[in-house]
Amino acid sequence: MAVNLTDLSLPQLEGLKTQLDQEVEFLTSSIGQLKVAQTKFVDAKDSLSVLNVKNKGKEVLVPLTSSMYVPGTLNDVEHVLVDVGTGYYVEKKVKDSEAFFKRKIDFLTKQIEKIQPALQEKHAMKQAVIEVMNMKIQQHQQSQQSSQNVGTTKA
């Protein structure tokens, strides 16, 4: 059901603009969260490149927290533990892990591509509402000015 924006009152337009602002903010936030997750998967996939036979036995720093590390030795360069969500880890071969991360990256890319058009549509709708609001405000100001002019010419 389409509604002509010019048929709405100024308070209705303000309500619609507020709603569109919230929807734009939500969609923007969703895209941001998806991009953060996507970046983590890209980083994880890129990190797998150090796991090769020439690096076997090399010293590495193992993170205990984001700011604390302990020294370690890289013994197994063929398997990794992959966080598959909700605290579950699965041992996978490096090639399988690369494929897993690629699937995750591709999935997130598709989700972002699905949300982008909706976000652009909401932006366009918001702009249309703002234009109609501005037009109605100008019309209101002009009608007030003309009624003031009519009142002063009679006196």
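Residues numbered from 1 in each chain as written. Predicted model: local features only at pLDDT ≥ 70, side-chain atom pairs only at ≥ 80, totals over all residues. Heavy atoms only, no water.

Attention shifts here to the overall build of the chain. Helices and strands together make up the secondary structure of the chain, namely two helices and four strands. Ordered by position in the sequence, the α and β elements of the chain form the string α-β-β-β-β-α. Computed over C-alpha atoms, the radius of gyration of the chain comes to 29 Å, more than 25% over the 15 Å expected from 2.2 N^0.38 for 155 residues, which places it beyond the range of a compact globule. Dimensions of the chain, computed from the C-alpha atoms along their principal axes, are close to 100 × 35 × 25 Å. For the chain, long-range pairs separated by at least 24 residues make up 56% of all intrachain contacts whose partners lie at least 6 apart in sequence. (Helix = DSSP H or I, 4+ residues; strand = E, 2+ residues; numbered from the N terminus. Rg over C-alpha atoms; globule rule 2.2 N^0.38 Å. Contact = heavy atoms within 4.5 Å.)

Let us look at the layout of surface pockets. A volume near 400 Å³ is recorded for the largest pocket. Val50, Leu51, Leu61, Pro63 and Leu74 are, among the 16 residues lining the largest pocket, the residues nearest its centre. Elements that contribute at least two residues to the lining of the largest pocket include exactly α1 (10-47), β1 (59-63) and β2 (69-73). Among the residues forming the lining of the largest pocket, the class breakdown is ten nonpolar, four polar and two charged. (1 Å grid on protein atoms, 1.4 Å probe; cavity = no way out; pocket = protein on both sides within 12 Å on 5 of 7 lines; lining within 4 Å. Points joined across faces, edges and corners; volume = space filled by probe spheres on them. Nonpolar A, V, L, I, M, F, W, Y, C, P; charged D, E, K, R; others polar.)

The pairing of β1 with β2 spans five bridges and is antiparallel. Looking at the pairing, Pro63 lines up with Tyr69 of β2. Taking the residues that link successive antiparallel strands as the turn, the β1-β2 hairpin has five residues. (Pairing = 2+ DSSP bridges.)

Before going further, it helps to spend a moment on the side chain of Lys126. Assignment of secondary structure puts Lys126 in helix α2 (residues 94-154). A distance of 3.0 Å separates a polar atom in the side chain of Lys126 from a polar atom in the side chain of Asp21. When sequence neighbours within four positions are dropped, the list of residues in contact with Lys126 reads Leu20 and Asp21. (Polar contact = N/O pair within 3.5 Å; in protein donor to acceptor, adjacent residues only side chain to side chain.)

Residues Val60, Val62, Leu64, Met68 and Val70 make up a contiguous nonpolar surface patch of about 370 Å² in total accessible area. Counting through the fold element by element, Val60 comes out in strand β1. (Patch = residues over 30% accessible without salt bridge, like charges linked within 9 Å, V, L, I, M, F, W, Y side chains within 5 Å. Areas by Shrake-Rupley, 256 points an atom, 1.4 Å probe, with all protein chains shown as cover. Salt bridge = Lys/Arg side-chain N within 4 Å of Asp/Glu carboxyl O.)

Turning our eyes to something else, we now look at the pattern of salt bridges. Evaluated as defined, the whole model comprises five salt bridges. Put simply, Lys17 and Asp21 hold a salt bridge, and the shortest N to O gap is 3.1 Å. Residue Lys17 and its partner Asp21 are located together in helix α1, separated by four residues, close to a single helical turn. Residue classification places Lys17 among the partly exposed residues on the basis of a relative accessible area of 24%. Connected via shared salt-bridge partners are Lys17, Asp21 and Lys126. (Buried < 20%, exposed > 50% of the residue type's maximum accessible area, 1.4 Å probe, protein only.)

This next bit is on the nonpolar core. In terms of nonpolar packing, the biggest core is built from nine residues, these being Leu48, Leu51, Leu74, Val77, Val80, Val82, Val94, Phe100 and Phe101. Going through the elements one at a time, β3 (79-85) and α2 are the ones with two or more residues in this core. At three residues, α2 tops the list of elements feeding residues into this core. Residues in contact with Phe101, not counting those within four places in the same chain, are Phe41, Ala44, Lys45, Leu48 and Val82. (Core = buried A, V, L, I, M, F, W, Y, C linked by side-chain atoms within 4.5 Å.)

The end-to-end C-alpha distance of α1, which contains 38 residues, comes to 55 Å, matching closely the 56 Å that a straight helix rising 1.5 Å per residue would cover. Among the residues of α1, those classed as buried are Leu13, Leu20, Val24, Leu27, Ser30, Ile31, Leu34 and Gln38. (Expected span 1.5 Å × (residues − 1).)

That is the geometry; function is a separate question.
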